[in-house]
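Results of the structural survey
The residues making up each chain are set out below.
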Amino acid sequence: MIASPDRTSLPRTFFDRPVLDVAPDLLGRILVRTTPDGPIALRLTEVEAYDGQKDPGSHAYRGRTPRNGVMFGPPGHVYVYFTYGMWHCMNLVCGPEGTASAVLLRAGEIVEGAELARTRRLSARNDKELAKGPARLATALDVDRALDGEDACSDPDAPFSILTGTPVPPDQVRNGPRTGVSGEGAVHPWRFWIADDPTVSPYRAHVPRRRRT
C-alpha cells in the first residue's frame, strides 16, 4: 500500500500556478507510475523550478521547439527530455498554458513497488539510491520520451498520477542553486528539497564539457 494518509489525486488547478509556488509544494506528494508490471509510487523529496522564457536555465528560454513543445501546453502534463545521449529526466508542466514553466523531479523515496524499481536500478546499493537524482528517478519509474505529454491529472489508471500525500511543513523545506545550471540561470536558488532526507541528491555545480580533440 502507498505510505500516504491521502490518496486523493491533485487537481489540475494545483499545477495552474506560478512555478515557484508549485515546486516546493510538490515536496511530500506521491507520484504514481502505473506500468504493465504494476505500480510504483514515489514520495517526492527534491525538485527544481524552471520558469520558461524568463529563465536562462530553462529549455524554453529561446522559444518553442519540437523537443520542448509540451512545456507550452496545459498544466499537469509530463515533459520528458533526453540528455547527454544517455538519460531521461521527468518534469511536470505548470502555470497557465503558454508560459512553458515546469518542475524537474530530482529525487524521491520509493514507497510502493520497490521490488519492481530494483529490477531497473540494478546498480543501486540500497533503496535510498533507487531514485536519488533525476536520471535515476526516471530509470526507476521506466520513464522515456514515449511518455512525453502524458496527462498526470486525468485518470488514476493513466501512466502517471500525483496524490496529495503529506505536504512538507515550510520549516523543513530547504532551497539553493539548481544543479548543473550555467550562466545567468545559475544564480537562481530554485532547487527545493526536504531537509536531512537521505534520498536527496548531492548538489553539483555546472562543469563545462570538454570538446574531444
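Refer to the structure above for everything that follows.
Figured I'd write up the structure that's included with this text. (Residues numbered from 1 in each chain as written. Predicted model: local features only at pLDDT ≥ 70, side-chain atom pairs only at ≥ 80, totals over all residues. Heavy atoms only, no water.)

Some words on the pairing of strand β5 (residues 101-112)
Inclusion rule: Residue burial is assigned from relative accessible area. The probe radius is 1.4 Å, only protein chains are included, and a residue is buried under 20% of its type maximum, exposed over 50%, and partly exposed in between. We count a stretch as a helix when DSSP gives it H or I for four or more residues in a row; a strand needs E for two or more, and each element gets its number in order from the N terminus. Two strands make a pair as long as DSSP finds a minimum of two bridges between them.
β5 sits mainly inside the fold: 10 of its 12 residues count as buried. Pairing analysis gives 10 bridges linking strand β2 (residues 38-51) to β5, with the strands arranged antiparallel. Counterpart to glutamate 46 in the pairing with β5 is alanine 107. Pairing of strand β4 (residues 87-94) with β5 involves 4 bridges; the strand directions are antiparallel. Residue cysteine 94 lies in a different strand from β5, and its bridge partner there is serine 101. Hairpin geometry of β4 and β5 is characterised by an intervening segment of 6 residues between the two adjacent antiparallel strands and by a positive phi of about 80° at glycine 95.

A few points about the packing of aromatic side chains
Heads up, the rule is: Pairing of aromatic rings covers Phe, Tyr and the six-membered ring of Trp, with a centre-to-centre limit of 6.5 Å; geometry is then stacked below 30 degrees between planes, edge-to-face above 60, and tilted otherwise. Either the NZ atom of lysine or the CZ atom of arginine qualifies as a charge over a ring when it sits within 6 Å of the ring centre and within 35 degrees of the ring normal.
What the rule picks out here adds up to 2 aromatic pairs. Ring geometry for phenylalanine 14 and phenylalanine 15: centres 5.0 Å apart, planes at 75°, overall edge-to-face. For the pair shown, phenylalanine 14 and phenylalanine 15 are each scored as buried. Lying over the aromatic face of phenylalanine 14, arginine 17 brings its terminal NZ or CZ to 4.6 Å of the ring centre. Positioned above the aromatic ring of phenylalanine 160, the side-chain terminus of arginine 33 is 5.4 Å from the ring centre.

Overview of the nonpolar core
As a reminder, the rule being used: Put simply, a nonpolar core is a bunch of buried Ala, Val, Leu, Ile, Met, Phe, Trp, Tyr and Cys residues held in one set by side-chain atoms that sit within 4.5 Å of each other. Two residues qualify as a contact provided that any one of their heavy atoms is within 4.5 Å of a heavy atom in the partner residue.
In terms of nonpolar packing, the biggest core is built from 42 residues, with Phe15, Leu26, Leu92, Val103, Leu105 and Ile110 touching the most fellow members. When residues of this core are assigned to their parent elements, the largest contribution, 5 residues, is made by β2. With residues up to four places along the chain from it excluded, the contact list for leucine 26 reads Phe14, Phe15, Leu44, Leu92, Val103, Leu105 and Ile162. With 12 residues, the next largest nonpolar core counts Tyr50, Ala60, Tyr81 and Val181 among its residues.

Regarding the environment of arginine 17
Along the chain, the position of arginine 17 falls in the loop between α1 (12-15) and α2 (19-25). Considered as a pair, arginine 17 and cysteine 94 are 77 residues apart in the sequence and their alpha carbons are 6.4 Å apart. Every residue in contact with arginine 17, bar those within four places of it in the chain, is listed here: Val22, Asp25, Cys94 and Gly95.

Here's the deal with the side chain of serine 101
One can find serine 101 in strand β5. Apart from residues lying up to four places away in sequence, serine 101 is in contact with Val19, Tyr50, Asp51, Gly52, Met71, Leu92, Val93 and Cys94.

Here we look at a nonpolar patch on the surface
The criterion, for reference: Patch criteria: residues need more than 30% relative accessible area and no salt bridge. Like-charged residues are merged within 9 Å; nonpolar side chains of Val, Leu, Ile, Met, Phe, Trp and Tyr are merged within 5 Å. In short, Shrake-Rupley with a 1.4 Å probe defines the accessible areas, and a residue's cover is counted only from the protein chains shown. Each reported salt bridge corresponds to a side-chain nitrogen of Lys or Arg within 4 Å of a carboxyl oxygen of Asp or Glu.
Residues Tyr84, Met86 and Trp87 make up a contiguous nonpolar surface patch of roughly 370 Å² in combined accessible area. Mapped onto the fold, tyrosine 84 is located in the loop between β3 (78-83) and β4. What makes tyrosine 84 exposed here is its relative accessible area of 52%.

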